[in-house]
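# Breakdown of the fold
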Amino acid sequence: MALALADLAARLNCAEYKNWVKAGHCLLLLRDALQRFAGERLREFHRQLLARSPARLAAPLGSPGCRARCLPRGRQFQNSCSLCTEWKKEILNHHTNKNGEVHWGNCKPWLWPSNSWEVAKAYMPRGQMDVSGPDKCDAAALLNLFNFCDQFSGIDQKKVREVIKCRNELMHSSEMKVPSSWLKEFEKRIRNLLNEFQNVPEAMAAGTRIEKLLSSDWAVYVPGEDDQPDGWEENTAVCMTESQISEIEMELIKERLKEIYLLVEEQEMLSEENLNRIQMIKDFLEDNSDLQISLREDMQRLEGLEKGGYNQERSMKETREDDPDQEEDEDCSFKKKCVPEEHLL
Ligand SMILES: [Zn+2]
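All of the points below concern the structure found in this document.

Conventions used here
- Residues numbered from 1 in each chain as written.
- Predicted model: local features only at pLDDT ≥ 70, side-chain atom pairs only at ≥ 80, totals over all residues.
- Helix = DSSP H or I, 4+ residues; strand = E, 2+ residues; numbered from the N terminus.
- Buried ≥ 20, exposed ≤ 12 C-beta atoms within 10 Å, placed from the backbone.
- Contact = placed C-beta atoms within 7 Å.
- Expected span 1.5 Å × (residues − 1).

## Points about the overall build of the chain
- In terms of helices and strands, the chain carries 15 helices and zero strands.
- Looking at the chain as a whole, 30% of its 345 residues are labelled buried.
- Excluding contacts between residues fewer than 6 apart, the proportion of contacts in the chain whose partners are at least 24 apart in sequence is 65%.

## Quick notes on unusual backbone geometry
- Although it is not a glycine, Arg 69 adopts a positive phi angle of roughly 55°.
- Topologically, Arg 69 is positioned in the loop between α3 (54-57) and α4 (82-93).
- By C-beta crowding, Arg 69 is classed as exposed, having 8 other C-beta atoms within 10 Å.
- The phi angle at Asn 79 is positive, at roughly 50°, despite the residue not being glycine.
- Assignment of secondary structure puts Asn 79 in the loop between α3 and α4.

## A closer look at helix α8 (residues 180-194)
- Relative to the 21 Å expected for 15 residues at 1.5 Å per residue, α8 spans 21 Å between its end C-alpha atoms, a close match to the ideal helical length.
- Check the buried side of α8 and you find it contacts α2 (15-52), α7 (157-172) and α9 (201-215).

Written out as structure tokens, the structure is:
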């Protein structure tokens, strides 16, 4: 335990990493504060859709929805049955960006007539397949829903997009660090957005918590190492315990890992950029044994991905080395083995 605390204390010694965790915590508080609101709005939206066009959208008697086992993949949802086609139309009708991408693969279309959350997932970024409700999703999912579903257009969309941008910067930061100037700007944007929810008591309470959180210094006291600094207890008591900080940290690192897995899944071959991302988070986990223990499965998955990418690169090199023409005309002989450009996707 003391060892884990020492690791945590060492990490939080880095101001920019601490900023990263704090900003991530703000997003978790934002999500917690808005999930009830989002869930209620969605149920209302779903009820209205069904009430307006029961003939088109209601499930057939005796089944919750589509009986054709329609299954979308990624951004594709073709060959859907008539019920799913009607729902698709309705979902697109309420999309604020008619030409934007829809991640149909998030949804279980057979639940559309009975489950408002499955409809909501069509307005969210990829990777929501197994997320079963507003209490299980991340801030990015809720913010994208507010942005792309016209039921939420009463919220100032510019303020929503500004927080989405910050969230992406935060979660795409390879080093998981942000400067204090960034955190200041982020605080302003979060506050602007929360002010849009004057009628949501949780949002107002979150505003106060976020303010306190960002002004506290999150010092972690490691027993036996130093004397407890003066005033330390009052300082942390306002905010949180070490184990709470650890929990938040873990949730954020998992979100970052999920982001990496999604990026990797999108490509058949591991790009250098993604390989770097994998190596950086792996190094980070290796340096922090307390995290490595809790994230053992992720560590293995990262190693597998890294090896996969490495083998791909090596097999390409080997092809080149085995080629007898290689020394005379390396470029040319290598090109001959490649798929002609027009066949590449
Ligand atoms: Zn169907």
